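Close look at the chain arrangement
So you can see what is in the structure, the chains are spelled out below.
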Amino acid sequence: MKVALAADHAGFELKQMTVRRLEAAGHEVIDMGTNSGKSVDYPAYAIGVAKAVSAGKADRGVLVCGTGLGMCITANKVAGIRAVGPCSVDHAVMSRRHNDANVLCLGQRSLEDRTAFAILDAWMETGFDGGRHARRLSQIAELEKNWRVPK
Ligand code: RB5
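Values in this document were obtained by computation on a predicted structure and should not be read as measured data. (Residues numbered from 1 in each chain as written. Predicted model: local features only at pLDDT ≥ 70, side-chain atom pairs only at ≥ 80, totals over all residues. Heavy atoms only, no water.)

Moving on, we come to the environment of A46. Relative to the helices and strands, A46 is located in helix α2 (residues 42-54). Between the C-alpha atom of A46 and that of T67, which follows or precedes it by 21 residues, the distance is 13 Å. Among residues more than four places away in sequence, those in contact with A46 are L63, M71, T74 and A75. (Helix = DSSP H or I, 4+ residues; strand = E, 2+ residues; numbered from the N terminus. Contact = heavy atoms within 4.5 Å.)

Following this line, the structure appears as structure tokens:
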């Protein structure tokens, strides 16, 4: 899969480890920064990844900040994005099975590395159940038609 990734300063280290983990698993990674621990504002990074996924330039997105929360709030403003910030493997699996989540948000300050990687692996490997869940996602897509972020 092609995966777009980004982090702010508070997620930089976990983002670097995530890049290596995804590449080792055979995924193609588009690293959209940040490239150091120097303080930056997370919205621009979230919007970059969200736009790449929404435009089909990447199949999935991964965003890392201190908590994962700011990235998740921002990414979900972009039409077509279903961003989630799961705190357990079960949450991650269900976000794929029922919500077809296409952006994963992780918190470097909130999750131990091994928990973050377990969530990442489960999220990357789980498919969408479709059926009644697809009907519900199309209802969300209808809502988005009137709620686009300015270009
Ligand atoms: C940065 O200090 C922190 O606020 C940010 O990484 C993130 O946790 C915001 O949601």
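As a matter of local geometry, the ligand sits amid D8, H9, A10, Y42, C65, G66, T67, G70 and R109. The contact in question runs from an oxygen atom of the ligand to an N or O atom on the backbone of G66, over 2.8 Å. Contact distances for the ligand include 3.4 Å between an oxygen atom and a side-chain N or O atom of R109. Tallied by class, the residues present in the shell around the ligand amount to three nonpolar, four polar and two charged. (Near = heavy atom within 4 Å. Polar contact = N/O pair within 3.5 Å; in protein donor to acceptor, adjacent residues only side chain to side chain. Nonpolar A, V, L, I, M, F, W, Y, C, P; charged D, E, K, R; others polar.)

Our focus in this paragraph is the environment of D8. Following the sequence through the fold, D8 ends up in the loop between β1 (2-7) and α1 (12-24). Taking the C-alpha atoms as reference points, D8 and G33, 25 residues apart in sequence, are found 7.7 Å from one another. With residues up to four places along the chain from it excluded, the contact list for D8 reads T34, V40, Y42, V64, C65, G66 and M71.

Just geometry here; none of it tells us what the structure is for.
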